[in-house]
Structure formats: structure tokens, C-alpha cells
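Examining the three-dimensional arrangement
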Amino acid sequence: MSTCSTVSRDLDEPVAGTAPVARTWLLLEQPGPWGAKALTSSHLDTALGRALEAAVKGTDVRVALIRRPGRHADRGTPAVRRVYAAHTTPGNVWVRTTTLTDPHQLLGLDFAALGRGDGRTFDAVLDGGPHTGDPLVLVCTNGKRDRCCALLGRPLAAELAASGAEGVWEVTHLGGHRFSPTVLVLPHGYAYGRVQAHSVKEILHGAREGRIVVEGCRGNTAWERPGQAAELAVRSAVGEVAAQSLSVVRTDGAVPRWEVTVAHVDGRHWRVGVAQGASAPPRPESCGAAVLGSPARMEVTGVRELSVTAALAS
């Protein structure tokens, strides 16, 4: 039986501009089985999961569960859990970490501050500190949301872990099942689709050196989807690979057309036209979809470098 990822690959559906949107990620270790909505369908206390969902609304924070790759025997509640918070906006990129025995402590965080990129609440409430290890590699493996994530994601996570790569975790949801296997790399917050182990290793090598691999990139989660597509288009146009070199500073327009202004740390600016189109022919947006759909796609219509005067005016 065909899978949604097979169909998407066969139709050569573009991945740029399809990343999940979150300026800050809060990642809680939760071993064992995950349901389709993992925050409220795992061994995590259901009331806590609901409270976290409510607490992060409108804050630019996204909560996800993580677990180490491998077999997920139902061993109940872990005594100690690893927690990460990661902010992905260029110019203020960071990952902080700690361990918890009681995940209810997370409700003491100032989520609005976390979403703005202020990590002090994480340190003060949870006794956290900077993550000093390798970049984090989050591989979506939640087969209860889509079987492609289990069929393709879990073997990838296991292969990466077996190769000795540090910082590899399985994660509950990165969206875009049809682009499986999907990966998010922190601290810089770039998501990737249709990745293989060798390409993830290249992405990781670049991340350690502050570089971005554009091939297979879905976008930076710090930006809305038109901004994701625009930033990647500028990278491709000028050959820019430095991770924190570009920022989306303005987006004008509304569905289905936008004009996105992208700025370089050296002062250059570009105006990027982005249009939302519908993918054709109709295809399954996930393996569990009852009907075929035409998922939105971000199409870059033009990249124009602005003069200094125009850049200042924008």
C-alpha cells in the first residue's frame, strides 16, 4: 500500500516553507508509548498535558515530548526527566537544559518570556543552564499521528544513535507527515524533510560550525511559512550558509500573496515575493486522511535586492 510520503516524493512536492512555527521549543522527556496527541495521550499526566497546552497559547512556545531512540517498553514513569528549552530567532539563539523529577514544575515558567527569547525563567524556576553538548537532532517518530513517521523516522533515529551521533531524540510531532522522515535541528531551528542518515550527519556537521544546509530544508521555525520560504530563497540566491546571517524583518500582504523583507547582518536587504498555491493533483496529506487534499505550497515569485535607500524605507 502506498504511503503519503511515497506519493509526496513521487509528485516532487517542494518542502520549503513547510516547517512547524515556533520561536521557542520546550521539550520534555517522556519515554513509553505516545498517542496521536501525545501531551494528553502518553504516560504524562493528562491534566498536566492540558495545562501546558493552555499555558503556551499565544506565546510562540511549542511543547513537544521526546524520548531516546530504541525500544519503547512500557516501563511506567521515569524518576528523572531531561528538559530542554530552545529559542530559534537569529541573533538570540540558545538552548537551555535541566532535569526534573516532577514535570508539574514546568507550569511555573513564564511562557510569554520564553517565547520572547528570555531564558531566565527557565534557569530560575527549573535550576537550568546552557546546553553545552552537540546540536540536538529531533526525529519525528510518532506512528500514532502518521505511520510514515514510525516506518521512516524510527529507523533513522536508531541509525543516527548507533552511529554515535550525540543529541539524537525522537519527538512527538513536527508536522508534514508526507515529508517523512522529518527532522528538527537545534539550536538554530531549521527543519528538514525526506532526510537520510548521511544527509543528517552533513546537517549536524554544519550546525556545529554555525552553517545551514539548504538542500531538503523546510525552513526556520522562528518564521511564519511565507518567511521560511523567503529566507531559504535568499540563501539559495546569494549562497549564504551562515546560520544566523538572515532575518525576516517584515511581511506585507495576506493569503495568497506576500512581500517578505529579508535582512542580512551586513546590512543588505531583499524583497521576496511569495505566493500560496495548491498542490495538484490531489494527494493524501497524511496516511490517516479519509479524503485526498491539495496542501498549500509556498512558491517564491521573485527575489530582489533592495538599494540602501529602499532598505531604510522598509
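This one's a predicted model, so the numbers in the text were calculated from it and none came from an experiment.

1. Things to note about the pattern of salt bridges
Under the definition given, this model contains 9 salt bridges. For D123, the salt bridge goes to R96, with nearest N and O atoms at 2.6 Å. Highlighted residues: D123 in helix α4 (residues 120-126) and R96 in strand β4 (residues 94-100), separated in sequence by 27 residues. Of the charged contacts, one joins E299 and R297 as a salt bridge, the two residues approaching to 3.6 Å between their closest N and O atoms.

2. Brief notes about the sheet that holds strand β8 (residues 183-186)
Reading across from one edge, β5-β4-β3-β1-β2-β7-β6-β8-β9-β10 is the order of the 10 strands in this open sheet, with mixed pairing throughout. Whereas interior strands pair on both sides, the edge strands pair on one side only; in this sheet they are β5 (129-130) and β10 (217-220). Two elements, strand β2 (residues 61-67) and strand β7 (residues 168-171), share 2 bridges in a ladder whose sense is antiparallel. Across the sheet, R67 pairs through a bridge with E170, a residue of β7. Sitting on the sheet, helix α6 (residues 197-208) touches β6 (136-140), β8 and β9 (190-192), and the angle it makes with β8 is about 20°. Against the sheet, helix α7 (residues 225-238) makes contact with β9 and β10, and its axis sits at roughly 110° relative to β10, the strand it touches most.

3. Overview of α7
In a regular helix each residue adds 1.5 Å, so 14 residues correspond to 20 Å; α7 covers 20 Å between its end C-alpha atoms and thus fits that length. When you tally the buried positions in α7, you get 10 out of 14 residues, the bulk of the element. Listed in full, the buried residues belonging to α7 are P226, G227, Q228, A229, A230, E231, L232, A233, V234 and R235. Structurally, α7 contributes buried residues whose contacts are with β9, β10, β11 (246-254), β12 (257-264), β13 (269-278) and β14 (296-305). Immediately beyond the C-terminal end of α7, within one or two residues, lies G239, with a positive phi of roughly 70°.

4. What about helix α2 (residues 46-55)?
Taken as a whole, α2 has its buried residues at L48, G49 and L52. For α2, the angular spread of buried residues about the axis comes to 100°, placing them on one side. More than 90 degrees from the buried face of α2, the exposed residues found are R50 and A54. Elements that come into contact with the buried residues of α2 comprise β2 and α3 (111-116).

5. Considering the packing of aromatic side chains
Counted under the stated rule, the structure contains 1 aromatic pair. Relative to W169, the ring of Y84 has its centre 6.0 Å away and its plane inclined at 75°; by these criteria the two rings are edge-to-face. Separated by 85 residues along the polypeptide, Y84 in strand β3 (residues 81-87) and W169 in strand β7 bring together distant segments of the chain. Both residues of the pair, Y84 and W169, belong to the buried class. In this structure, R67 packs its charged tip against the face of W34, placed 3.6 Å from the ring centre. Above the face of the W169 ring, R68 is positioned so that its terminal group lies 3.8 Å from the ring centre.

Thresholds applied
Residues numbered from 1 in each chain as written. Predicted model: local features only at pLDDT ≥ 70, side-chain atom pairs only at ≥ 80, totals over all residues. Heavy atoms only, no water. Salt bridge = Lys/Arg side-chain N within 4 Å of Asp/Glu carboxyl O. Helix = DSSP H or I, 4+ residues; strand = E, 2+ residues; numbered from the N terminus. Pairing = 2+ DSSP bridges. Contact = heavy atoms within 4.5 Å. Axes fitted to C-alpha atoms, helices over the stretch in contact; angles between N-to-C directions. Expected span 1.5 Å × (residues − 1). Buried < 20%, exposed > 50% of the residue type's maximum accessible area, 1.4 Å probe, protein only. Arc of directions from axis to C-beta. Phe/Tyr/Trp six-rings, centres within 6.5 Å; stacked < 30°, edge-to-face > 60°. Lys NZ or Arg CZ within 6 Å of the ring centre and 35° of its normal.

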